[in-house]
Amino acid sequence: MIAADNAVKATTGQRHPWADAWRSTAAAERWNRQALDLIVKYRSNPLRAARTLSYMHAAMDDAARQAARTGLSHPGRLAAAHAAGAGILAHFFPLEPAGRLELMGQTATAALRLHHPQDLPSIAAGQQIGRGVLRLAVLRALDDGATDVWDARSRPPPAPGLWQATPPLETAHPQEPLAGRWRPWVLASGDALRPPPPPAPDSDAMHAAAVEVLETSRRLTDTQRAIADEWHLDQGTVTPPGVWNLRARELAAAQRFDEMRQLALFADVNAAMFDATIACWNAKFTWWVQRPLTVIRDRLDAGFTPHLVTPVHPSYVSGHATVSGAAAVVLAYNFPDEAARIEQWAQDAAMSRLYGGIHFRFDNDAGLQLGRAVGEQVLARIGASPSNAGTSAP
């Protein structure tokens, strides 16, 4: 930070590449990139990735809005967003070198001071607002249920049709069984939009769904295989929420969204995906539905191996489909001319799980429907209409 402070004191005619680099990228995009890098680095699972992204972008947007309400200049608003974004990532990634992320935030603010020396009081005030929002966001994160520990004794006893470990992972305990109880942003609770019950284990509908998975896997086309691989986004990747953030960045850049509208866009789409994740996991651990691999090996083909590795959580509903349905609704609202392309992305994300042999079609259909309902709830919360597109959920 000493170097950054010295740079601010330098003459205005001197070139400062580090400051120009910060100025060349919008705050929302800059911290979004950093968050996705850390999600990959620390192999965050898709639920934790959605949580991190939602908290960071909610805090950044809230900080910038508070700065605007107090009359701060645009640089002051950005200073608030930078302080909040850096602090949230430091909280969610405590294994990063001490002070690295906070220093990035301070460097971003130093760049603002260098480029806007007439706004120094506003920038300082913005930093204070950002730190205040950060404290509230961290307090919320500490009390949102994501640190609760699951008691495996609460698992339902083995019964026909219930989820069980599948090869090759053979993990006895499912992933994030308490996520359906985490605190959402917009939904009243994880069960607020609970989907209808899945087909019964011994029903004709379940049998037909399993047959479809098996036959699709046996006749998988190159296009279907490519879609399955493209959306196979497990730990060690940006995960499905991360991909939708990449798409949001692409769309926002093409439409030349200004900085405040970008902050709102990322806050809204990530709030929708986090709430969708919670709603999805609430459904998964309400019914504990078995995976196609289990049904097919028990009843149809003992040697069946799906194209993708089966995830370690119940089948109904599909997480990819739910998250994608929510993201697509928010993005289509913000980019109506791209609605058809956005919907195709969501359809591909959902169908990729059938092509991969790891979800039934009814998982995907119900997931898309649930995600879309969550997305509509987010739009309703922000009072969505053509006159206020891009505004953010409080």
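Residues numbered from 1 in each chain as written. Predicted model: local features only at pLDDT ≥ 70, side-chain atom pairs only at ≥ 80, totals over all residues. Heavy atoms only, no water.

(A) Molecular detail of the overall build of the protein chain. When helices and strands are counted, the protein chain shows 15 helices and zero strands. Whereas a compact globule of 394 residues would reach a radius of gyration of roughly 21 Å, the protein chain reaches 22 Å, a difference of no more than 12%. Considering only C-alpha atoms, the protein chain reaches an extent of 75 × 45 × 35 Å along its principal axes. Relative to its 394 residues, the protein chain shows a buried fraction of 56%. Across the protein chain, every contact between residues at least 6 apart in sequence was considered, and the portion connecting residues at least 24 apart equals 83%. Of the roughly 16500 Å² of accessible surface on the protein chain, 53% is carried by carbon and sulfur atoms. If you average the places of the 38 positive and of the 38 negative side-chain charges in the protein chain, the two averages end up 5 Å apart. (Helix = DSSP H or I, 4+ residues; strand = E, 2+ residues; numbered from the N terminus. Rg over C-alpha atoms; globule rule 2.2 N^0.38 Å. Buried < 20%, exposed > 50% of the residue type's maximum accessible area, 1.4 Å probe, protein only. Contact = heavy atoms within 4.5 Å. Areas by Shrake-Rupley, 256 points an atom, 1.4 Å probe, with all protein chains shown as cover. Lys, Arg positive; Asp, Glu negative; His and termini not counted. Charge placed at Lys NZ, Arg CZ, Asp CG, Glu CD.)

(B) Expanded view of helix α13 (residues 319–334). Its 16 residues give α13 an end-to-end C-alpha distance of 23 Å, which sits within 8% of 22 Å, the value for a rise of 1.5 Å per residue. With 15 of 16 residues buried, α13 is to be regarded as a mostly interior element. Where α13 begins, the side chain of S318 points an oxygen toward the backbone nitrogen of H320, at a separation of 3.4 Å. (Expected span 1.5 Å × (residues − 1). Polar contact = N/O pair within 3.5 Å; in protein donor to acceptor, adjacent residues only side chain to side chain.)

(C) Inspection of the pattern of salt bridges at higher detail. Tallied over the entire structure, the rule returns 16 salt bridges. The partner of D144 in a salt bridge is R51, and the shortest N-O contact between them spans 2.8 Å. Residue D144 is found in the loop between α7 (120–142) and α8 (204–218), and its partner R51 is found in helix α4 (residues 46–69); the two are separated by 93 residues along the sequence. Using a relative accessible area of 2% as the deciding quantity, one classes D144 as buried. Among the charged side chains, a salt-bridge network with shared partners connects E215, R218, R219 and D301. (Salt bridge = Lys/Arg side-chain N within 4 Å of Asp/Glu carboxyl O.)

(D) Fine view of the packing of aromatic side chains. Applying the stated criterion across every chain yields a total of 14 aromatic pairs. Each residue in the set Y55, F92, W182, W185 and F274 is aromatic and connected to the rest through ring pairs, giving one cluster. Over the ring of W185 we find R140; its NZ or CZ atom is 3.8 Å from the centre of that ring. If you follow R247 out to its NZ or CZ, it ends over the ring of W345, 4.5 Å from the centre. (Phe/Tyr/Trp six-rings, centres within 6.5 Å; stacked < 30°, edge-to-face > 60°. Lys NZ or Arg CZ within 6 Å of the ring centre and 35° of its normal.)

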